[in-house]
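What the coordinates show
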Amino acid sequence: MKRLIIVRLAWTFAILLGVSFIAFILMRALPGDFVLAAAGTTSVSAEALDGMRAELGLDRPVLEQYLVWLGNALQGDFGASFVTHAPVLQELAPRFFVTLQLSLVAIVMALLIGGVTGLASARLRGRVDWLVRAINGVSLAVPNFVIATLIVLLAGLYFPQLVVFGYTPFAVDPLKSFGNLLLPGLALGLAVSVTISENTRAAVLEVSNQDFVMVARAKGLKRSTVLFQYLLRNAATPIITVAGLQVATLLGGSILVETIFAIPGMGQYLFDSITRRDYPVIQAIVLVAAGVVVLINMLVDIAYIRADARVRL
Amino acid sequence: MSAGTPLLSVRDLTARIATHHEIVEAVRGVSFDVAPGEAVGFVGESGCGKSVTARAIMRLAAEGTDVRLDGKILFKGRDLLTLSDREMGKMRGRQIAMVFQDPMTSLNPVMTVGAQIDDVLRRHTDLYGRAVRARSIELLDAVGVPDPARRADDHPHQFSGGQRQRILIAIAIACDPDLLIADEPTTALDVTVQAQILRLLMRLREERGMSLLLITHDFGVVAGMVEKVNVMYRGEIVETGDVDTLLSKPQHEYTKSLLAAVPRIRVAGAIS
């Protein structure tokens, strides 16, 4: 286990290095730069623009800029936002927490919805199976920003007393904070729930046909014992895998969902920063997102070992 | 129970299996008795309905298949087909237990073998706490798993096929059932291990006074193990009798051809 974690951490470092480089190059390859975005439509002389670029170091070769950024980053300095001039990490931390909270709500909802529908589909078969799969098909086909917009629209029309937009900080009122995130979490988690539902269905169907389930029934065990100890414990591994892989989907989806629900999270921040070409902020967010995905993958691997004694990594 | 009353009395059992496009009569009007302590064999080729008959007594069907049972399955005078699912659940593993064909796939891979004996004990006995595991270890010892106290914490993949079948037998006998159904218990095992498992079943049956229903396609397994044999063919019992008579003087054509199909080693003139 220790060796596994050390190897994974080394890999993580390599992955983050690669991701940071690609993100750096891609952002600078986009047409326009921070200076042009900041100038907006106002007419500013080319000399003035160049002066600003020189001040921010944007006039140097891209590779040199990257190495400077990397050198600072390795010492824990991720620079300051071009827009607010505040240190990036200080700006990012609270927003990261909000997105973490939203993703948590979304993954819990996705696991609940997907787990229950997938299980019902596999166990009850017939019409239930047909219905679940039809709904899954539709939910998968509709992008999350459409679902988010529909939720906002329907909630606004029929439940005007509900607060749909905005976010209450966790420190102010933890319960209300999570309450605010239920609808956005649903919008974000719905697509993920489809994947979890389909995989739960397939996994449970496969395990149902295993001999040890028949043996468990021949032992006269209660239905709940057979379900949890025999069926679900064996179906858990593929479900954990899928849920882990979907974390990346959640991070990507949070950009649009946070923007629609006016939630001050990392996704919305990324969206704004890309529009403004706020390079240091974009760079930090990409790193954090990549780090989270790698970390979750490691946790999934550890979960394998815990769930199934046969697994040796 | 008075002497002579059968423990199990199956009368006119019919099993219909509904598939997507048709209804198959897998078992047609089968009747037989098993006396207390008696060992009865069922022999027939694959698909003859012997496994369906065995599972019918447990009221078990493969997942996702729709099996309709008609007739009577009288166990200690009660018709099992009229019991509620709850009542049947209390019967399974407690009074009637079953050992299956493939030990490699019959144990839950994510639970320790000890835990898989514990759960049947917890379900049907009054044991609790440490007494449960102590009993599980005794059972592993009784079926010949070496070093049972330590090995109870191992997972199924750490055992060989023969050892796993021993563990499954331990699970089956855990609550001292009156009837043990063994459905092809040695088919998936090496020949040398087969004999060990059969000897184990014989010994346990004698020690505990259980009745045994042994299902197999192999006359070699039945000989020396059971008193009575039923030969099944296409869902029906075509011949029944005590094992020695049936092996020496088979009446039905099908029994004769089955017996002729058993490979023989000719000792006379064998390569020395």
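Residues numbered from 1 in each chain as written. Chains lettered and ligands numbered in written order. Predicted model: local features only at pLDDT ≥ 70, side-chain atom pairs only at ≥ 80, totals over all residues. Heavy atoms only, no water.

Points about the packing of helix α10 (residues 211-218) of chain A against helix α11 (residues 223-261) of chain A
Residue and element names in this part refer to chain A. Taken N-terminus to C-terminus, the directions of α10 and α11 make an angle of 175°; their axes are 10 Å apart at the nearest point. By the angle between their directions, the pair α10 and α11 is classed as roughly antiparallel. Counted together, Phe 212, Val 213, Ala 216 and Arg 217 of α10 and Val 226, Tyr 230, Leu 231 and Asn 234 of α11 form the full contact between these two elements. Per-class residue counts for the contact of α10 with α11 are six nonpolar, one polar and one charged. (Axes fitted to C-alpha atoms, helices over the stretch in contact; angles between N-to-C directions. Helix = DSSP H or I, 4+ residues; strand = E, 2+ residues; numbered from the N terminus. Parallel < 35°, antiparallel > 145°, perpendicular 65-115°, else oblique. Contact = heavy atoms within 4.5 Å. Nonpolar A, V, L, I, M, F, W, Y, C, P; charged D, E, K, R; others polar.)

Some remarks on helix α5 (residues 88-124) of chain A
Side chains of residues three or four places apart in an α-helix project in the same direction, reflecting 3.6 residues per turn. Residues and elements named next belong to chain A. For α5, with 37 residues, the first-to-last C-alpha span of 52 Å sits near the 54 Å given by 1.5 Å per residue. Along its length, α5 reaches its greatest deviation from straightness, about 25°, at Pro 94. Arg 125 lies just past α5 and shows a positive phi near 50°. (Expected span 1.5 Å × (residues − 1). Bend = angle between axes of the 7 residues up to and from the residue.)

Quick notes on the packing of aromatic side chains
Scanning all chains against the criterion turns up eleven aromatic pairs over all chains. With 5.8 Å between their ring centres and 65° between their planes, Phe97(A) and Phe170(A) make a pair best called edge-to-face. Note that Phe97(A) is positioned in helix α5 and Phe170(A) in the loop between α7 (144-158) and α8 (174-180), a separation of 73 residues in sequence. Measuring from centroid to centroid gives 4.7 Å for Phe32(B) and Phe42(B), while their planes differ by 70°, and the two rings are edge-to-face. Residue Phe32(B) is found in strand β2 (residues 23-34), and its partner Phe42(B) is found in strand β3 (residues 39-43); the two are separated by ten residues along the sequence. Neither residue differs from the other here; Phe32(B) and Phe42(B) are each classed as buried. Here a set of aromatic residues connected by ring pairs shows up, and it is made of Phe21(A), Phe24(A), Tyr66(A), Trp69(A) and Phe78(A). (Phe/Tyr/Trp six-rings, centres within 6.5 Å; stacked < 30°, edge-to-face > 60°. Buried < 20%, exposed > 50% of the residue type's maximum accessible area, 1.4 Å probe, protein only.)

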